[in-house]
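Here are the chains, one letter per residue:
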Amino acid sequence: MKDRIRQIMESQHMTQQVFADYIGIGAATLSSIFNGRTRPTLNIVEAIKKKIPNISTDWLMFGSGEMYLPQEEPLEDAFLPSDSGSDGRPQIQNPMLDFDAIPSPTPQNGRSLTQNSNSVKSTRLDLDVREVKTIDKHQRRITEIRVFYDDQTWETFIPQKKS
C-alpha cells in the first residue's frame, strides 16, 4: 500500500512534505509509512480519498483495478479549446491541482486579494491552514512476557528476534 501512496504522490507531482500537508497528515507520519516503520491506517486512506475523490479505493487498499475511477465523459485531450479562460488560454482538464485558476474575488477565509504591481501572477495558494501537532512515538517492542498462575508459579516468554 505504501508504494501505491507514493505513486499517487508522484502522479500529483508533489514532494512528501507537500503531499502530507495536502492530505492533512504529518510529514513524519508519511515518512514513517514510506520507511516501513508504520502501516497506513484507514484515516490515511480517507484523507487521500477526501482530497482526490476519483482515486479508486480498491486500487489504493488492495492494488486491484485501475488507479483512478473511470470518468463519465472520456477526455480526448487534456486541452479543450472550447473551455478557454478569461485570458483566452485553454484550461487544463485533469485531476491535478490547477495553479493557474483565477481566484474568486471574495476569498472564503476573509483575506483580501492583492494585485501584484509587476503583473507577475502569484503561484502561492492562499489556504486555510490548521495546525495539528503530531507526536511520533518510538515504536515499542515486546521484550518479555510473564504469566502468573494461581498456584503462585510463573513462566517467562522472550520473543525470538527476527533475522
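Our subject is the structure that appears above.
Predicted model, so just to flag it, every value in this text is computed and none were measured.

Trainee: Just to check I follow, could you spell out the pattern of salt bridges for this structure?
Mentor: Pairing is possible between side chains that carry opposite charge, provided their charged atoms lie close to one another. According to the stated counting rule, one finds 1 salt bridge in the structure shown. Residues Glu-144 and Arg-146 are paired through a salt bridge, measuring 2.9 Å at the closest nitrogen-oxygen approach. Classification of Arg-146 by relative accessible area gives partly exposed; the value is 45%.

Trainee: Would you take a moment to explain the environment of Phe-157 for this structure?
Mentor: Tracing the backbone through its elements, the reader meets Phe-157 in strand E4 (residues 154-157). Residues within four places of Phe-157 in sequence aside, it is in contact with Glu-144, Ile-145 and Val-147.

Trainee: Please explain unusual backbone geometry as it appears in this structure.
Mentor: Leave glycine aside and you will find that most residues have negative phi; peptide bonds, for their part, are mostly trans. With phi around 60°, His-13 is a residue other than glycine that occupies positive phi space. With respect to the element layout, His-13 can be found in the loop between helix H1 (2-11) and helix H2 (16-23). Overall, His-13 belongs to the exposed group, its relative accessible area being 63%. The phi torsion at Gln-152 lies on the positive side, around 70°, for a residue other than glycine. Looking at the element boundaries, Gln-152 is found in the loop between strand E3 (145-148) and E4.

About the cut-offs
- Residues numbered from 1 in each chain as written.
- Predicted model: local features only at pLDDT ≥ 70, side-chain atom pairs only at ≥ 80, totals over all residues.
- Heavy atoms only, no water.
- Salt bridge = Lys/Arg side-chain N within 4 Å of Asp/Glu carboxyl O.
- Buried < 20%, exposed > 50% of the residue type's maximum accessible area, 1.4 Å probe, protein only.
- Helix = DSSP H or I, 4+ residues; strand = E, 2+ residues; numbered from the N terminus.
- Contact = heavy atoms within 4.5 Å.

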